[in-house]
Amino acid sequence: MQVLVRDNNVDQALRVLKKKMQREGIFREMKQRKAYEKPSVRKAREKAEAVRRARKQARKTAIREGLIAAPKPKPRVARPGRPSFGQQSTGGGFGQGAQPQAAPAATAS
């Protein structure tokens, strides 16, 4: 596994490395290997994982073919201080000392 360090930014490279290790399942495997696992328990765990993968694949195939409805997407909650996707970071958020702007007053004519 290889991670590039840009501009001597070791913290960012470490975050990228941890994310890659998480995706590869290295942390999960390290946790499993910490203690001995009996062969019978190992077989049961691997079988359960295989069943879980098969069900997930069947569910995705059924959604793709239109046999079952796709789950509703979860609403994304914008965190303060971070621009959400599609917004430019021009200080529009309420983080970092920014104040909410008042709505323009309507003039009666």
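Residues numbered from 1 in each chain as written. Predicted model: local features only at pLDDT ≥ 70, side-chain atom pairs only at ≥ 80, totals over all residues. Heavy atoms only, no water.

Chemist: Would you take a moment to explain the overall build of the protein chain for this structure?
Modeler: Along the backbone of the protein chain there are three helices and zero strands. Walking the protein chain from its N terminus toward its C terminus, one meets helices and strands in the order α-α-α. Summed over all atoms, the accessible surface of the protein chain reaches about 11,100 Å², with 53% contributed by carbon and sulfur. (Helix = DSSP H or I, 4+ residues; strand = E, 2+ residues; numbered from the N terminus. Areas by Shrake-Rupley, 256 points an atom, 1.4 Å probe, with all protein chains shown as cover.)

Chemist: Hey, could you run me through the pattern of salt bridges in this one?
Modeler: Where charged atoms from two side chains of opposite charge approach closely, those side chains can pair. The final tally for this structure, using the stated rule, is four salt bridges. A salt bridge links Arg33 to Glu29; the nearest nitrogen and oxygen atoms lie 2.8 Å apart. Here Glu29 and Arg33 lie together in helix 2 (residues 26–33), a separation of four residues that amounts to about one turn. Overall, the relative accessible area of 65% leaves Arg33 in the exposed class. Exposure remark for Glu29: the relative accessible area of 37% places this residue in the partly exposed category. Salt-bridge contacts for Glu37 lead to Arg45; the nearest nitrogen and oxygen are separated by 2.8 Å. Using a relative accessible area of 22% as the deciding quantity, one classes Arg45 as partly exposed. Because the salt bridges share partners, they merge into one network encompassing Glu37, Arg45 and Glu49. (Salt bridge = Lys/Arg side-chain N within 4 Å of Asp/Glu carboxyl O. Buried < 20%, exposed > 50% of the residue type's maximum accessible area, 1.4 Å probe, protein only.)

Chemist: How do you make sense of helix 3 (residues 39–65) when you look at a structure like this?
Modeler: Think of an α-helix as 3.6 residues a turn; residues three or four steps apart then line up on the same face. Between its first and last C-alpha, helix 3 extends 39 Å over 27 residues, near the 39 Å set by a 1.5 Å rise per residue. Gly66 sits one or two residues past helix 3 and shows a positive phi near 85 degrees. (Expected span 1.5 Å × (residues − 1).)

Chemist: Help me understand the confidence of the model for the protein chain in this model?
Modeler: Predicted coordinates in regions of low pLDDT should not be interpreted in detail. Scored by pLDDT, the protein chain comes out at a mean of 83, with 74% of its residues at no less than 70. Least confident of the elements in the protein chain is helix 2, whose mean pLDDT is 92; most confident is helix 3, at 95. (pLDDT = per-residue confidence, 0-100.)

Chemist: Would you take a moment to explain unusual backbone geometry for this structure?
Modeler: Across residues other than glycine, the phi torsion is negative in most instances, and most of the peptide bonds are trans. Despite not being glycine, Asp7 has its phi angle at roughly 55 degrees, a positive value. Within the element layout of this structure, Asp7 appears in the segment before helix 1 (10–24). The class of Asp7 is exposed, set by a relative accessible area of 77%. Residue Asn8 is not a glycine yet carries a positive backbone phi of 55 degrees. By relative accessible area, which is 72% here, Asn8 ends up exposed.

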